[in-house]
Amino acid sequence: YFRLAADQGHAGAQATLGACYRLGQGVPQNDKEGARYFRLAADQGHAGAQATLGACYRLGQGVPQNDKEGARYFRLAAD
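The rules behind these values
- Numbers given to residues run from 1 along each chain, matching the order in which its sequence is written.
- In keeping with the model being predicted, local features are shown solely for residues with a pLDDT of at least 70 and side-chain atom pairs are shown and tallied solely at 80 or more, while totals for entire chains, interfaces and linings include all residues.
- Heavy atoms from the whole structure form the basis of all side-chain values; hydrogens and water molecules are not counted.
- In this text, buried Ala, Val, Leu, Ile, Met, Phe, Trp, Tyr and Cys residues form a nonpolar core when linked through side-chain atoms within 4.5 Å.
- With a 1.4 Å probe rolled over the protein chains alone, any residue whose accessible area is under 20% of its type maximum counts as buried; one over 50% counts as exposed, and the rest are partly exposed.
- Each helix is a run of DSSP H or I of at least 4 residues and each strand a run of E of at least 2, with the numbering of both proceeding from the N terminus.
- A helix is expected to span 1.5 Å for every residue after the first.
- The arc refers to the directions leading from the helix axis to the C-beta atoms.
- It only takes one pair of heavy atoms within 4.5 Å for two residues to be counted as in contact.
- N or O atoms closer than or at 3.5 Å make up a polar contact, with two conditions inside protein: a donor-capable atom paired with an acceptor-capable one, and, for residues adjacent in sequence, both atoms drawn from side chains.

Caption draft 1: The arrangement of the nonpolar core in detail. One finds Ala11, Ala15, Ala35, Phe38, Ala41, Ala42, Ala49, Leu53, Cys56, Tyr57, Val63 and Tyr73 forming the largest nonpolar core, which totals 12 residues. Only α2 (11–23), α3 (31–42) and α4 (47–59) provide two or more residues apiece to this core. Core analysis: the second largest hydrophobic core is formed by 7 residues, Ala13, Leu17, Tyr21 and Tyr37 among them.

See the structure below:
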């Protein structure tokens, strides 16, 4: 159900599905796919997804490591 809602643009479902992929819960573990769903939610203003995507960038998990981009997403989450 999360995938259906996520694919229909529900930010909360996108963030949840991103976490599922990142942790391998109910789906095969895939950091890149997790980051993709976090980005979809983050682009809609979901603060939790913005913070998590910031961490992905800081750690290079699912996206290229980039401290500047990580800090940008952390700032978005804080606003």
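Still more ground to cover, so stick around.
Caption draft 2: Structural context of helix α5 (residues 67–78). Over its 12 residues, α5 runs 16 Å from end to end, which matches the ideal 16 Å to within 8%, given 1.5 Å per residue. Listed as buried for α5 are Gly70, Tyr73 and Ala77. The arc that holds every buried residue of α5, seen down its axis, measures 65 degrees, which confines them to one face. Exposed and oriented more than 90 degrees from the buried face of α5 are Lys68, Arg75 and Ala78. In this structure, the buried residues of α5 make contact with α3 and α4. Sitting at the amino-terminal end of α5 is Asn66, which places a side-chain oxygen 3.0 Å from the backbone nitrogen of Lys68.

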